[in-house]
Every structure is written in C-alpha cells, then in structure tokens.
Amino acid sequence: YTAVCEDCSVSMTYHSANNRMMCHYCGKSVPALKKCPECGNEYLKYSGVGTQKLEEELKLLFKDARILRLDADTTLSRDSFSTAFRDFSEHKYDIMIGTQMVAKGLDFPGVDLVGVIGTDRAFYSDDYRGFERTFSLLTQVIGRAGRSGGNSEAVIQTNNVGDNVIAFASRQDYKAFYAEEILTRKVMIYPPYCDICMVVTSSTDNIVSESAANEIKNNIINGITDKFKDIKLFILGPIPASVIKVNGKYRYRMLIKCKNSREFRNLLRESMSIKRKGDLSVYVDMNPETVL
Ligand SMILES: [Zn+2]
Ligand SMILES: [Zn+2]
C-alpha cells in the first residue's frame, strides 16, 4: 500500500518532524496512518525522504557530530534558510545534509568533503536538458569542495559509473561535455538548434483535457498544410504530463520543435482558439525551464 494524494497523482511523503504525510505538489498534508488501510497491519514502515534517512544514518555513524539538515521540510522560510547557512559557515555544525537547493552557488569555507548521493535520478527525466542539469549540478557541488583549498575531496555515488556526463563533471571538463552535448542536440534537433514550445491543457475532466490537446494538435497540422505552409515544425505528443493530476486537474502536454517567429505565434494563436468546455485552460511556455 502506498499513500497517494487525493488531488494529485503522486504518492505522499512522510515527514517525521510533524508525523504527517505531505503532498509536495499541492501542499496538502494528512496525519500519518497508524495501520495499513488495506490489510490492517499495524507495523507500518515509513521510508521517508532521502535526507531524513541520511540524517538518521549519519547520527549512528558520527554520534557527536552536529548535523544540519536542509530540505523542503526543514526550511520553512527564506529567513531560516539564510540563518542556517550563516550558522554553518560559522562552524556551528559539522555536517550539512541538503537537497539540490544547497548546491546552488553558495560558498562555505572549510568544507573538506562533499558527497553527492544517488546521482542517477536526474537521468530519468525525459527532459532534453537532463544531462545539462546533471552536469551543472555536479560541477557546482564538486567546485564547492575545490574552492576550500587544502585536501578537500568530492565523492559521487552512482550506479552509472561508465556514464560520460558524470565522468566529465568529475573532471570539471566543460569542453568535453559541451562537445558531446552540442552534437546530440544537433542530431536530435533540440535547442540551440530550434525553440521548444510547450502547450499544456488542464481540466478537472480528463477526457476534456486530452481531447482539447488533440484538437489543438490537429489545428496546427491543418495550419501548416495550408495557410502557414512555410512553417517547419515537429510535434511530440500530446502525452499526459509526468504527473498527470495536480490539484484535481488532469494535464496533457505537447512539445513543438519550432522557430519562435511571428508566423509561428500566429499559427499557435489560431490553433488554440478552440471551444472552452468547463474549466479547461490552455497555456503555452516557450523554451520552458522544465518540461511537465
Ligand atoms: Zn496533492
Ligand atoms: Zn497492507
């Protein structure tokens, strides 16, 4: 049995701080269950989030270490976030555990060991920027160890030891990474060789959302075979978003490889003027930061 959010198609995460299960998509939380609702078993095991487990392990291994854990659970406000960072640089802690947000451009003196745990997950994203994101995250984290001088060291934990992206990152080899990545982008036709336009439909009615997405796609195809026949584009999808349901709304997305020209935007505007049933909404994101 896995606890799933009522409004979103994701499983909830257990938080030991308040003994509740939380949905990280809509923020809803419910008290942690005392027994399994399916079989009544009272010996439930909460796996918790990675950072919590890591903290428990480290407490066992380093009994006297002062540990600072920073994740969505512990950092409630921007304020407590910066206080925590200041405390860490003033050596009020010995070990810091954090999610990706800790890696973003922060400098601490006197850090002589950096560990990156479970480097594989980033690769599962079907986003064309997945490799770039992984490379940039790893180089930032490893750079952190490098900057403190002395005998600092970085350890990357991964199941993909032979992976080029991880190898390039561990050597801080931007040139080699770029050479390989740009070739892939060129062959597969991804930015910077084109623009990516993401069209998302969203509705509490799954069928309305899906058929709206298909209708828009058909309109685009009709457009480029007739009025807009000079436009070259390629449509991927529509498919359900990687998390299809959020806040009770079903989402479908398609990606259009295109050139972001005035002509294209006109085609898109005309293709999107479909009948709005119920609470259907449609939106467009040009070169999105993340693909849904
Ligand atoms: Zn939710
Ligand atoms: Zn059960």
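We now turn to the structure provided with this report. Everything numeric here is computed off the predicted structure, so don't read it as measured data.

1. Here's the deal with the sheet that holds strand β2 (residues 20-22)
- Reading across from one edge, β1-β2-β3 is the order of the 3 strands in this open sheet, with antiparallel pairing throughout. Strands at the two margins of the open sheet, each flanked by one partner only, are β1 (13-15) and β3 (29-31). Neighbour-to-neighbour, the strand axes of this sheet turn through a mean angle of 30°, independent of strand direction.
- Strand direction decides the pairing type here: β2 and β3, joined by 3 bridges, are antiparallel. Considered in β3, the bridge of M21 is made with V30.

2. A short note on the nonpolar core
- Counting 21 residues, the largest nonpolar core has L233, I256 and F264 as its most contacted members.
- Elements represented by at least two residues in this core include exactly β8 (195-203), α7 (206-224), β10 (249-258) and α8 (262-272).
- Residue contributions to this core peak at 5 residues, all from α7.
- Beyond its immediate stretch of four places on either side in the chain, I256 contacts D195, I196, C197, V199, I220, L233, F234, I235, F264 and L268.
- Of all hydrophobic cores here, the second largest spans 20 residues; its members include A84, F85, V111 and F135.

About the thresholds
Residues numbered from 1 in each chain as written. Chains lettered and ligands numbered in written order. Predicted model: local features only at pLDDT ≥ 70, side-chain atom pairs only at ≥ 80, totals over all residues. Heavy atoms only, no water. Pairing = 2+ DSSP bridges. Helix = DSSP H or I, 4+ residues; strand = E, 2+ residues; numbered from the N terminus. Axes fitted to C-alpha atoms, helices over the stretch in contact; angles between N-to-C directions. Core = buried A, V, L, I, M, F, W, Y, C linked by side-chain atoms within 4.5 Å. Buried < 20%, exposed > 50% of the residue type's maximum accessible area, 1.4 Å probe, protein only. Contact = heavy atoms within 4.5 Å.

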